[in-house]
Amino acid sequence: MSEKSDILIVGAGTAGTYLGWILAKQGHFVKIIEKDRKEEVGKRLDVIHFESDRIKKAGLPPFDPNKPDCIEIRDKSTVITPDFESEIKTRVYQTIVRLTPFLNKMYDILESDGVQLEFSTKFEELLFENNRIIGAKVSKDGENEKYYANIIVDASGTSAVVRTSLPKNYGVETWELGSDDVMYVLLQYIRWKVPDKPTPDTDTGYNYWLLWFGPSLGENEAILGVGQPGSYENARLAREDFLKQIDLPPYEIVKEERGFTPYRRPPYSLVADGFLCIGDAAAITYPFSGHGVTATWMLCMIAADVISEELSRGGYLTRERLWDINVRYFRDQGAKFASLLAQLSGVLNFTKKEWSYFLTHGLIYKTGENDELPEPNKEYEEDMSLGEMIKFIFKILGGLVIRKLSLRNIKKLLKANSLANTIKEHYENFPKSPEGFDAWINKAERLWKKKTVAVKKLDNIEIEYR
Ligand SMILES: Cc1cc2nc3c(=O)[nH]c(=O)nc-3n(C[C@H](O)[C@H](O)[C@H](O)COP(=O)(O)OP(=O)(O)OC[C@H]3O[C@@H](n4cnc5c(N)ncnc54)[C@H](O)[C@@H]3O)c2cc1C
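Residues numbered from 1 in each chain as written. Predicted model: local features only at pLDDT ≥ 70, side-chain atom pairs only at ≥ 80, totals over all residues.

Things to note about the overall build of the protein
Counted only if it meets this: Secondary structure counts use DSSP, requiring at least four H or I residues in a row for a helix and at least two E residues in a row for a strand, with both numbered from the N terminus. Note that the radius of gyration is over C-alpha atoms, with the globule rule given as 2.2 Å times the number of residues to the power 0.38. In this scheme the burial state of a residue depends on its C-beta neighbours within 10 Å: 20 or more other such atoms mean buried, 12 or fewer mean exposed, and anything in between means partly exposed; the C-beta positions come from the backbone. By the convention adopted here, residues make contact when the C-beta atoms placed from their backbones lie within 7 Å.
When you go through the protein residue by residue, the secondary structure sums to eleven helices and 18 strands. The C-alpha atoms of the protein give a radius of gyration of 23 Å, which matches the 23 Å a tight globule of 466 residues would have. Each principal axis of the C-alpha distribution contributes one length, and for the protein these read about 70 × 55 × 40 Å. Taking all 466 residues of the protein together, the buried fraction comes to 40%. A separation of at least 24 residues holds for 71% of the contacts in the protein among residues at least 6 apart in sequence.

Listed below in structure tokens is the structure:
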């Protein structure tokens, strides 16, 4: 039988690695198991974007564009209207990272801080005593072993292998991600064939198609990305529709990547007796970008605080003792993300004409005057003053009068906004203890049922956002 660890984390992706690191720094015995070989982890994606302010907040060592794990640190991005007539500059703080070198850098740091990392080691099933989790059965080189821990963390990504294997009445939902719960993302690493011809700026979004050109590995290169729910085919068709309407200079495809990212609400509770889920396994992503890495680090910081304190008190880590993770997460970032997810169903209905109107009138991004770009809201919430709100309403009325906006879609937008506010308030009142949780869930279910399906009508396909 192996030594009992304080924390057993399943999955050495960006979520498990970060949580393991901050708990080990607080003096706890952390073991992380990862089914892939060390050289293979993270290989499914190469270039990935991290929100720079969140990197700082998470206390990670600063990135350096001269090092192999960082391509560049950016503070601007461009959005183009779907009629291709206007370009809007926005302030976005992004660090462009190479995933595998980043994870390998982190593994070295973790090991020097005492984390036990075991690669080629696969979670098989949970071990229980008196109906409570006490460990996991794992397989390694064809052998089965039993690992015991005070708490097991599911950081296994979209497969959520631990969460989905929980008994149905254990206190955390066991749903698997369906095709409407994710954004299917297609990435093409491209090289422009005629360097002198003008190309889209390095970081340019065409939000009508949920498509963008991002920074890539070399000069005259870019990543053409697109994400859509339902299927990879939907994403491919959205890209095809876009390519038919834009006049791009010739390019060749250097390599392609694909994957999916959660686009749904997380489980109502992230904790149960001896259990926590984080990362994609808990569907923690920024609703409007599908990015998940730094979003989950904010949850990990809360989780590490609570786990550390409870471990130092000794005894079994019950659901009640871990509950504060739910409270602190859902009352803050969880509430903001829930609200944004609800709001999106009002925005994604917009026609091309409506997107153009909203973008050019500063109704989606705050635009600055005299080339001064305003700071984005780093806390992901509505921060309109009364004056701004009045301007917003007048701009919408103006759009209706000149028929750039349809009354039908504006009604949907306002309904979605109102639901988003109610959902946010509900999450901000997440129950302080498991008592009252059932009633809280009942109301949350009723609210989520009110979220309507948005439909995007492209020339070659209609895509539903549920
Ligand atoms: C195409 C694409 C582009 C993206 N771009 C961005 C971006 O630019 N920025 C951003 O923030 N996010 C981005 N995301 C989302 C981001 O990749 C995820 O949110 C993030 O990787 C989730 O991290 P994680 O640690 O939860 O899961 P993962 O990174 O999936 O890690 C889970 C780990 O668990 C391991 N595992 C699974 N099953 C077992 C088992 N049985 N036993 C042991 N180990 C197991 C897996 O091998 C894996 O290494 C993108 C996603 C896609 C698909």
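What about the site of the ligand?
The line we're drawing: Note on definitions: a residue is near a molecule or strand provided its C-beta atom, placed from the backbone, lies within 6 Å of it. Polar here means any residue outside two lists: the nonpolar Ala, Val, Leu, Ile, Met, Phe, Trp, Tyr, Cys and Pro, and the charged Asp, Glu, Lys and Arg; Gly therefore counts as polar.
Residues in contact with the ligand amount to 37 residues; listed here are only the nearest, Gly 13, Gly 157, Gly 259, Gly 279 and Gly 292. Where the shell around the ligand is concerned, the elements lending two or more residues are helix H1 (14–25), strand S3 (47–51), strand S7 (121–129), strand S10 (182–192), strand S14 (251–262) and helix H5 (293–313). By residue number, the principal contributor to the shell around the ligand is S14, which donates four residues. Residues of the shell around the ligand, tallied by class, amount to 15 nonpolar, 16 polar and six charged.

Quick word on the environment of Ser 289
Tracing the backbone through its elements, the reader meets Ser 289 in the loop between strand S16 (275–277) and H5. For the pair Ser 289 and Thr 261, spaced 28 residues apart in sequence, the C-alpha separation works out to 9.6 Å.

Here we look at the domain arrangement of the protein
Counted only if it meets this: The split of the chain into domains comes from an automatic or database domain assignment.
Here the protein is described as being made up of domain 1 (5–69 + 96–175 + 269–325), domain 2 (182–262) and domain 3 (337–465). Put simply, the middle of domain 1 and the middle of domain 3, counted by C-alpha atoms, are 32 Å apart. Between domain 1 and domain 3, the contact holds six residues from the first and seven residues from the second. In terms of residues, the side of domain 1 that touches domain 3 owes the most to one element, helix H6 (residues 319–330), which gives three residues. Residue composition of the side of domain 1 that touches domain 3, by class: three nonpolar, no polar and three charged.

A word on the nonpolar core
Proteins that are soluble and globular tend to have nonpolar side chains buried together. Put simply, the test is: The nonpolar core is taken to be a set of buried Ala, Val, Leu, Ile, Met, Phe, Trp, Tyr and Cys residues joined by way of C-beta atoms within 7 Å.
Formed by 118 residues in total, the largest nonpolar core has its most connected members in Leu 19, Ile 152, Val 153, Leu 276, Ile 278, Cys 300 and Ala 303. Per element, the largest residue contribution to this core is ten residues, and it comes from H5.

Considering the pairing of strand S8 (residues 132–140)
Every regular strand shows the same layout, with side chains that alternate between the two sheet faces. Note the cut-off: A pair of strands is considered paired only if DSSP assigns at least 2 bridges between the two.
Relative to S8, S7 is paired through eight bridges, and the arrangement is antiparallel. The residue bridging Glu 129 from the neighbouring strand is Arg 132, located in S8. In textbook terms, the turn of a hairpin is the stretch between consecutive antiparallel strands, and for S7 and S8 this stretch comprises two residues, one of which, Asn 130, has a positive phi near 50°. Relative to strand S9 (residues 143–154), S8 runs antiparallel, the two sharing six bridges. Bridge assignment links Ala 136 to a residue of S9, and that residue is Tyr 147.

Re the packing of H5 against H6
As a reminder, the rule being used: Only C-alpha atoms enter the line fits that serve as axes; for helices the fit covers just the stretch in contact. Angles between N-to-C directions range over 0 to 180 degrees. Roughly parallel here means an angle under 35 degrees, roughly antiparallel means over 145, roughly perpendicular means 65 to 115, and every remaining angle is called oblique. Should the near helix be turned anticlockwise from the far one by less than a right angle, the crossing is termed left-handed; should it be turned clockwise, right-handed.
One way to put it is that H5 packs onto H6 with a least axis distance of 9 Å and a crossing angle of 155°. With respect to each other, H5 and H6 are oriented roughly antiparallel. In this structure, H5 meets H6 at a crossing whose hand is right-handed. Residues Leu 299, Ile 302, Ala 303, Val 306 and Glu 310 of H5 touch H6, and the partners they reach there are Arg 321, Leu 322, Asp 324, Ile 325, Arg 328 and Tyr 329. Taken together, the residues of the contact of H5 with H6 sort by class into seven nonpolar, no polar and four charged.

A short note on helix H7 (residues 333–347)
Defined as follows: To estimate the expected span of a helix, subtract one from its residue number and multiply by 1.5 Å.
Look at H7: 21 Å from first C-alpha to last across 15 residues, which is about the 21 Å you get at 1.5 Å a residue. For H7, the buried fraction is high: 13 of the 15 residues fall into the buried class.

What to know about the sheet that holds strand S4 (residues 70–80)
With mixed pairing, eight strands are arranged side by side in an open sheet as S3-S5-S4-S11-S12-S13-S10-S14. At either margin of the open sheet sits one strand with a lone partner, and together these are S3 and S14. Averaged over all adjacent pairs, the angle separating strand axes in this sheet is 30°, with direction ignored. Here nine bridges tie S4 to strand S5 (residues 87–98), and the two strands are oriented antiparallel to one another. Opposite Ile 73, over in S5, you have Thr 95 as the bridge partner. Against the sheet, helix H4 (residues 232–245) engages S10, strand S11 (204–206), strand S12 (211–215), strand S13 (221–228) and S14, with an angle of about 45° to S10.

Describing unusual backbone geometry
One non-glycine residue, Asn 130, lies in the positive phi region at around 50°. Along the chain, the position of Asn 130 falls in the loop between S7 and S8. Taking the C-beta count within 10 Å as the criterion, Asn 130 has 7 such neighbours and is therefore assigned exposed. One non-glycine residue, Asn 131, lies in the positive phi region at around 60°. Following the sequence through the fold, Asn 131 ends up in the loop between S7 and S8.

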